[in-house]
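One-letter residues, chain by chain:
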Amino acid sequence: MSAVASKVQHDRLSERNFRRLSAYIYNYSGIKMPPGKLTMLEGRLRRRLRATGQNSFDDYCNFIFDKGGLEQESIYLIDVVTTNKTDFFREPNHFDFLRDEALPALAAAGLRRVRAWSSACSIGAEPYTMAMVLEDFKRDKRGPDYQILASDLSTDVLERARRGIYPAPMMEPVPDAMMRRYVMRALDPRRPEMRIVPDLRRKVGFTRLNLMDDAYTVGEPMHLIFCRNVLIYFDKPTQQHVLTRLCKCLADGGYLFIGHSESVTAMELPIRQIANTIFVKD
Ligand SMILES: C[S@@+](CC[C@H](N)C(=O)[O-])C[C@H]1O[C@@H](n2cnc3c(N)ncnc32)[C@H](O)[C@@H]1O
């Protein structure tokens with residue numbers, strides 16, 4: 001190991017620099033960074049020191065905060081602090097509700113095209129699961145056509161989501177009939193990867209969007225919004241801020257899904273609970 005690499009390996013993030021970084025991350029993304037996260041941030045940022053050619057955390061923080069490096073570094077800084085855990089058919093009762101309640105109600109209301117949004121989509125498992133359910137409903141029940149917007153703050157996950165390639169074990173929750181319709185195996189059986197079929201990939205448009213941003217637009221109001229397992233990283237005022245903005249994007253009669261460990265208790269929002277962690281805008 002060179003002397004510089006060794007210095008980077010053993011350098012420590014000071015509390016002062018942690019406070020500067022955590023304040024920026026919180027203000028920009030809403031993600032809470034309490035003091036207990038110092039070691040986590042230190043570990044995850046070490047490779048950014050190498051990537052930006054800085055010899056220490058002090059140099060890195062001077063580079064981003066005092067020498068104008070923040071603009072170019074912000075995307076990577078955010079990529080290292082986001083937690084991207086996701087699964088196909090995660091919290092499956094949401095997808096049962098979608099198939100059995102929400103889609104029949106939207107179809108009965110005469111809707112020709114469902115507009116759906118996965119607002120913290122990570123590597124794409126959530127919007128592709130939505131697409132499988134919507135496509136099945138369209139084919140088997142002569143349901144409405146649909147389009148899905150999938151967004152996230154992290155550019156890293158969006159790149160992987162667009163490719164739609166996943167390790168085979170990740171596909172285990174996908175029912176067999178859907179596997180046959182919507183998932184391709186690698187031609188080389190030694191490659192343990194699977195890919196979402198092109199027709200389904202085409203139904204999902206990926207874009208970078210910060211839920212903290214007051215000025216974002218998503219076009220026409222959405223009939224389905226999934227905002228799952230991202231609110232937990234925000235404090236209550238931030239959750240209220242994000243959900244107030246999100247509800248403005250929800251059509252009347254549209255549904256909002258939040259994660260099972262998330263809650264909107266005591267928030268002023270124009271929605272009514274209709275099932276566990278599922279809400280409708282009247
Ligand atoms: C744990 S994943 C949840 C993925 C998926 N919704 C699910 O439930 O499986 C949380 C995602 O929220 C994204 N995220 C965090 N802060 C965000 C923000 N301010 N705006 C948009 N996305 C954000 C992260 O990049 C991450 O991909």
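Residues numbered from 1 in each chain as written. Predicted model: local features only at pLDDT ≥ 70, side-chain atom pairs only at ≥ 80, totals over all residues.

Topic: the overall build of the chain
Each helix and strand in the chain was counted, giving eleven helices and ten strands. Its C-alpha atoms give the chain a radius of gyration of 21 Å, near enough to 19 Å, the size a compact globule of 282 residues would have. Once the C-alpha set of the chain is aligned to its principal axes, its extents read approximately 65 × 55 × 30 Å. Evaluated residue by residue, the chain yields a buried proportion of 35% over its 282 residues. For the chain, restricting intrachain contacts to residue pairs at least 6 apart in sequence, the fraction spanning at least 24 positions comes to 74%. (Helix = DSSP H or I, 4+ residues; strand = E, 2+ residues; numbered from the N terminus. Rg over C-alpha atoms; globule rule 2.2 N^0.38 Å. Buried ≥ 20, exposed ≤ 12 C-beta atoms within 10 Å, placed from the backbone. Contact = placed C-beta atoms within 7 Å.)

Points about the nonpolar core
A116, L224, I225 and C227 are the most contacted members of the largest nonpolar core, which has 57 residues in total. Per-element tally for this core: the top contributor is helix α7 (residues 125-140), with eight residues. The contact partners of C227, leaving out residues within four places of it in the chain, are S119, A120, L246, L256 and I258. Membership of the second largest hydrophobic core comes to 18 residues, among which are I31, L41, L45 and L153. (Core = buried A, V, L, I, M, F, W, Y, C linked by C-beta atoms within 7 Å.)

Describing the domain arrangement of the chain
For the chain, the assigned domains are domain 1 (3-81) and domain 2 (93-280). Measuring from the centre of the C-alpha atoms in domain 1 to the corresponding centre in domain 2 gives 32 Å. Across the boundary between the two partners, domain 1 contributes eight residues, which contact twelve residues of domain 2. Secondary-structure elements contributing two or more residues to the side of domain 1 that touches domain 2 are α2 (15-29) and α5 (70-81). Ranked by residues supplied to the side of domain 1 that touches domain 2, first place goes to α5 with three residues. Class assignment of the residues belonging to the side of domain 1 that touches domain 2 gives a composition of four nonpolar, two polar and two charged. (Domains from an automatic or database assignment. Nonpolar A, V, L, I, M, F, W, Y, C, P; charged D, E, K, R; others polar.)

Some details on the sheet that holds strand β2 (residues 145-152)
The seven strands lie next to each other as β6-β2-β1-β7-β8-β10-β9, forming an open sheet whose pairing is mixed. At either margin of the open sheet sits one strand with a lone partner, and together these are β6 (204-208) and β9 (272-275). Going across the sheet, the axis of each strand differs from the next one's by a mean of 25°, ignoring polarity. Sheet topology note: the β2/β6 ladder contains five bridges and is parallel. Bridge pairing links S151 to T207 in β6. Together, β1 (113-118), β2, β6 and β7 (222-227) form the strand contacts of α7, whose direction differs from that of β2 by roughly 175°. (Pairing = 2+ DSSP bridges. Axes fitted to C-alpha atoms, helices over the stretch in contact; angles between N-to-C directions.)

Quick word on the sheet that holds strand β5 (residues 193-196)
Each strand in a sheet pairs with another by means of backbone hydrogen bonds, the pair being arranged parallel or else antiparallel. Across the sheet, three strands lie side by side as β3-β5-β4; this open sheet has antiparallel pairing. At either margin of the open sheet sits one strand with a lone partner, and together these are β3 (165-167) and β4 (183-185). Each strand of the sheet is rotated relative to its neighbour by a mean of 35°, with strand direction disregarded. Of the pairings in the sheet, the one linking β4 to β5 comprises three bridges and is antiparallel in character. Counted as the bridge partner of R185 is M194 from β5.

A short note on the site of the ligand
Not every one of the 24 residues close to the ligand is listed here, only the nearest: T82, T86, A120, L211 and N229. For the shell around the ligand, the class distribution of residues is eight nonpolar, eleven polar and five charged. (Near = placed C-beta within 6 Å.)

What to know about the pairing of β1
When you tally the buried positions in β1, you get five out of six residues, the bulk of the element. In this sheet, β2 lies alongside β1 in parallel orientation, the contact comprising six bridges. Considered in β2, the bridge of R113 is made with D145. On the question of chirality, the crossover connecting β1 to the parallel β2 by way of α7 is right-handed. As judged from the three bridges shared by β1 and β7, these two strands associate in the parallel manner. By the bridge assignment for β7, W117 is matched with I225. (Right-handed = clockwise from strand over helix to strand, strands pointing away.)

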